Amino acid sequence: MKKIVVILIAAFVVASAFIPDPYHTHKTGFHTTPLQLEIPKGWPAPYAIFKNNPLTEEGFQLGRKLFYDGRLSKDSNFPCSSCHQQFAAFATYDHDFSHGYNNQFTTRNAPPLFNLAWSSLYHWDGGINHIEVQPLFPITAPNEMAENIDSVLARLRKDTAYHRMFKAAFGTDEINSQRMLKALAQFTGSLVSADSKYDRVKRGEEIFSSGEQRGYELFKARCSTCHKEPLFTDYSFRNNGLAMNDYLKDSGRMRITGDPADSLKFRVPSLRNVVVTFPYMHDGRLYSLYKVIDHYRNGIVQSPTLDSSLRNGIPFTDKEKEDIVLFLHTLTDTTFLHDKRFSQP
Amino acid sequence: MIKFLKKYSAVLLLLLTATSFQKKLSSGIDDKATVRLIFSNVVKGHILVLNDSAYTNPFNESYTVSKFRYYVSNIFFEKDNDGFQQKDSYHLVDEGNQASKIISVGLPAGNYKSLQFLLGVDSLHNVSGAQSGDLDPDKDMFWTWNSGYVMAKLEGSSPASAIVNHKFEYHIGGFSGPDKVLKEIRLSLPGSSYEFRAGKSYTIFITADINEWWQSVHDLKIAEHPAIAAPGTWAKEISDNYAHMFHLDKIVAE
């Protein structure tokens, strides 16, 4: 009797292998540990950046290893993390431009990396339309990582640890560009920063000092249209009155859209962790928050595409400048800056 | 035993279903014709040879070609009311890779009026993140600074070009709004309808004439436009032109 059951079950298993699978899914029986993107209370819904890339612990850990791996660059000196340092909220600390291959510099200030799932476009000019394809730019840019994708993949394929990790994340040990990019997106897309003093005050766990509170009131009145709470950006592209960089002649968003109305417009950056992401602006020309406030007080350069809200600058007294800066210090998320999950594995 | 059969009748039923499914599937294969599309890249009827041969464009500008690639996607065979759409239909035709110039399609038998495809990669696949196969960014057909595919690429040199090394380079892309360069190509099949029979093989010979890149709709000279490498007006004009480069030469039934 038992024998017949076994035979029947075996026959069923064999037969089921012939049932066509319309989606070509690989039933290799591998298991992953699903992860949930943390959505802080009171925040808007994020974009579906993981729609075709289910977030898993295995994918995240693979992405983390890749992010810190110099072998993604031509001479092994420039992993993603060389320009995106955790202690600088994944910007480059104290650099207007970052260093790249062969003593070259980048041509824009490295943006910090966090809360990327709340953005649909990336880069100062919004030229990147999906988080998965962003790494193609720095990896192949001759003044950044200076490598081509096939050479990167060839190097990864020589490392048995990667064979193991690609298999754990994707079911087989095939190493290709799509998997590499999806894994990187799982890591960078998971970088959520939402535990600054500001957040704790909002959650009722702490209170602002009187100076911070005055700064917050000023901020809400004069800065929050563009630097909209709770993400501290409205993700728009605006000309904030900086003279065109004489050397770089960077027209910003216009380079992508070809529309003269977009000349000198750049992505409004988030002010979260702003204290550690100095220097400021797309070319890092302003070295302190005081200089930034001064720019809005009396440095605005008039031009046809200047944001209408900045025609007359933004008035701040010296005292108000101090208060605003006090408030901006409450946006530093030290939990994020030291989160072991995001550090070099 | 009978008791046993009763107990496992569900399993048996499944087994039977699976077997009949399998039969249906194999008979499905028999209903199809095997169709190969062969793309031949030419200049005024002469087979293109990379690098060595010099050609003359409609403005008497001499040129050689070092790279010629384009995406053929969403292949569709049109019937009277409907038609057949190839699944996951993304093909990069690369003059430098002979195998890439042959595209195989399993076509349900029947009478078809035309062969249609998109010259380029549809908008959706320009905004959906990292792709694989012929859409893999390592094919060097994806813009890293302004996300999106280069739909067609033509590179070479010409004495008419005044830029470095007398190069000319056309990287034609743009998938949305006014910058859209996607072109739907429709090639009528011989007669008013052509019959593809089950179990038979067919080869459709298609030529693509590079000289159309400079004419057909807009007159563009190498001297005036040696490099077009971003979405915009000139890319659009070139795409208006190259939409006319394809010609269905003949169908050979085997």
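Values in this document were obtained by computation on a predicted structure and should not be read as measured data.

## Digging into the overall build of chain A
For chain A, the count of helices and strands is 13 helices and four strands. Each of the three principal axes of chain A carries a C-alpha extent, and together these read 90 × 50 × 35 Å. Taking the intrachain contacts of chain A between residues at least 6 apart in sequence as the baseline, contacts between residues at least 24 apart amount to 69%.

## Points about the pairing of strand E11 (residues 148-157) of chain B
Residue and element names in this part refer to chain B. Burial of E11 is extensive: nine of the 10 residues sit out of reach of the surface. Both strand E4 (residues 62-78) and E11 contribute to a ladder of six bridges, which runs antiparallel. Opposite Arg-69, over in E11, you have Lys-153 as the bridge partner. Inspection of the sheet shows strand E10 (residues 142-143) paired to E11 by two bridges, in the antiparallel sense. In the strand pairing of E11, Phe-142 is matched with Tyr-149. Note that E11 and strand E12 (residues 167-173) share seven bridges and pair antiparallel. In the strand pairing of E12, Gly-156 is matched with Phe-168.

## Quick notes on unusual backbone geometry
What is expected of a backbone is that most residues other than glycine have negative phi and most peptide bonds are trans. Residue and element names in this part refer to chain A. Look at the link from Glu-229 to Pro-230: it is a cis peptide, with omega at 0°. Relative to the helices and strands, Pro-230 is located in the loop between helix H9 (210-222) and strand E3 (237-238). Residue Pro-279 follows Phe-278 across a cis peptide bond; omega there is -5°. In this fold, Pro-279 is placed in the loop between strand E4 (266-267) and helix H11 (289-298). The backbone of Asn-115 shows a phi angle near 55°, a positive value even though the residue is not glycine. Tracing the sequence through the fold places Asn-115 in the loop between strand E2 (104-105) and helix H4 (136-140). What makes Asn-115 buried here is the crowd of 22 C-beta atoms within 10 Å. A positive phi is found at His-123, a non-glycine position, where the angle reads about 85°. Of note, His-123 is situated in the loop between E2 and H4.

## Observations concerning H11 of chain A
Residue and element names in this part refer to chain A. Regarding H11, the residues found buried are Val-292, Ile-293 and His-295. One side of H11 carries all its buried residues, which in axial view fall inside an arc of 150°. Taken together, the buried residues of H11 touch helix H12 (318-329).

## A few points about the nonpolar core
Of all hydrophobic cores here, the largest spans 102 residues; its most connected members are Tyr-71, Met-151 and Ile-172 of chain B. Each residue touching Ile-172 of chain B, except ones within four places of it in the same chain, is listed here: Val-150, Met-151, Ala-152, Val-181, Ile-228, Ala-235, Ile-238 and Ser-239 of chain B. In this structure, Tyr-198, Phe-219, Leu-231 and Val-292 of chain A belong to the second largest nonpolar core, which totals 17 residues.

## A few points about the packing of helix H2 (residues 57-67) of chain A against helix H6 (residues 160-170) of chain A
Residues and elements named next belong to chain A. It is at 8 Å that the axes of H2 and H6 come closest, and there the two elements cross at 145°. Considering how the two elements wind past one another, H2 and H6 form a crossing that is left-handed. Contacts from Glu-58, Gly-59, Gln-61, Leu-62 and Lys-65 in H2 reach Met-165, Phe-166, Ala-168 and Ala-169 in H6. For the contact of H2 with H6, a count of residues per class yields five nonpolar, two polar and two charged.

## Brief notes about the packing of H2 of chain A against helix H7 (residues 177-189) of chain A
Residues and elements named next belong to chain A. Running from N to C, H2 and H7 point in directions that differ by 95°, and their axes come no closer than 7 Å. As summarised for this structure, H2 and H7 are arranged roughly perpendicular, according to the angle between their axes. Together, Gly-59, Phe-60, Leu-62, Gly-63, Arg-64, Leu-66 and Phe-67 of H2 and Met-180, Lys-182, Ala-183, Leu-184, Ala-185, Gln-186 and Phe-187 of H7 make up the contact between the two elements. Split into classes, the residues belonging to the contact of H2 with H7 amount to nine nonpolar, three polar and two charged.

## Side note on the confidence of the model for chain A
Mean pLDDT for chain A: 93, with 92% of residues reaching 70 or above. The model gives residues 11-26 of chain A a pLDDT under 50, and that stretch makes 15 contacts with residues more than four places away or in other chains.

Quick notes on the rules
Residues numbered from 1 in each chain as written. Chains lettered and ligands numbered in written order. Predicted model: local features only at pLDDT ≥ 70, side-chain atom pairs only at ≥ 80, totals over all residues. Helix = DSSP H or I, 4+ residues; strand = E, 2+ residues; numbered from the N terminus. Contact = placed C-beta atoms within 7 Å. Buried ≥ 20, exposed ≤ 12 C-beta atoms within 10 Å, placed from the backbone. Pairing = 2+ DSSP bridges. Arc of directions from axis to C-beta. Core = buried A, V, L, I, M, F, W, Y, C linked by C-beta atoms within 7 Å. Axes fitted to C-alpha atoms, helices over the stretch in contact; angles between N-to-C directions. Left-handed = near helix turned anticlockwise from the far one by under 90°. Nonpolar A, V, L, I, M, F, W, Y, C, P; charged D, E, K, R; others polar. Parallel < 35°, antiparallel > 145°, perpendicular 65-115°, else oblique. pLDDT = per-residue confidence, 0-100.

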